[in-house]
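# Results of the structural survey
Residue-level listing of the chains:
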Amino acid sequence: MRPDNPNFRPCAIYHHRQWTNQPAVHVGHDAVGEGWGPILDELDHQFVMATGIGTDNHRKIEVLQIKEKFGGLRVYVNATQLTGAERIRVIEAIDRAEEKSFQTCEKCGSTEGVETRANKNGRFSRVVTLCQEHHEERDNLLPGQRLDLGNGNTIV
Ligand SMILES: [Zn+2]
């Protein structure tokens, strides 16, 4: 659901993105690429499912940080206001989202030929998860160039 939908009720991740002034895909200090946007949208939906559809309980989830680490998505939340059962469902949803990120190109969202690795010639130390096309684009960067992850967030 989107803000132009009259039934839209902002979820935790949406709030976090608004707070960082990046409504489409989270970017900034703790940034991820455009390709993982749908994973975050799905996670927002899962937060609602985990805390009760038709309630505002999902607003009790405080999203602290969204970032990439070792090629995978990381989502950190404060869920101490939830019940134990709700908290377990939220943590399971985050686990699934993080697992899915390892099968999804962080730039384009493709799930074909996705691989988690540093670059081919070892020039870059950071491990990222990309499709073959975007690993190639990264491998062919010239010194000083950065790979745009589709939303203005860049990596080397
Ligand atoms: Zn890609």
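Below is a short write-up of the structure.

Each value, and the rule that gives it
- Residues numbered from 1 in each chain as written.
- Predicted model: local features only at pLDDT ≥ 70, side-chain atom pairs only at ≥ 80, totals over all residues.
- Helix = DSSP H or I, 4+ residues; strand = E, 2+ residues; numbered from the N terminus.
- Buried ≥ 20, exposed ≤ 12 C-beta atoms within 10 Å, placed from the backbone.
- Contact = placed C-beta atoms within 7 Å.
- Core = buried A, V, L, I, M, F, W, Y, C linked by C-beta atoms within 7 Å.
- Pairing = 2+ DSSP bridges.

## Things to note about the overall build of the protein chain
Along the protein chain, the regular secondary structure elements total 4 helices and 6 strands. Along its sequence from the N terminus, the protein chain presents helices and strands in the succession α-α-β-β-α-β-β-α-β-β. Counting over 156 residues, the protein chain shows a buried share of 35%. When contacts within the protein chain are restricted to residue pairs at least 6 apart in sequence, those whose partners lie at least 24 apart make up 58%.

## As for the nonpolar core
Counting 19 residues, the largest nonpolar core has Leu-43, Ile-61, Val-75 and Val-90 as its most contacted members. Only α2 (37–51), β1 (62–69), β2 (72–78) and α3 (84–101) provide two or more residues apiece to this core. No other element matches the 6 residues that α2 contributes to this core. By size, the runner-up hydrophobic cluster in this structure holds 5 residues, among which are Val-114, Val-128, Leu-130 and Cys-131.

## A closer look at the pairing of β2
Sheet analysis places β1 next to β2, joined by 7 bridges and oriented antiparallel. Each residue of the ladder has a partner; that of Ile-66, found in β2, is Val-75. The loop that links β1 with its antiparallel partner β2 comprises 2 residues; one of these, Phe-70, has a positive phi angle of about 50°.

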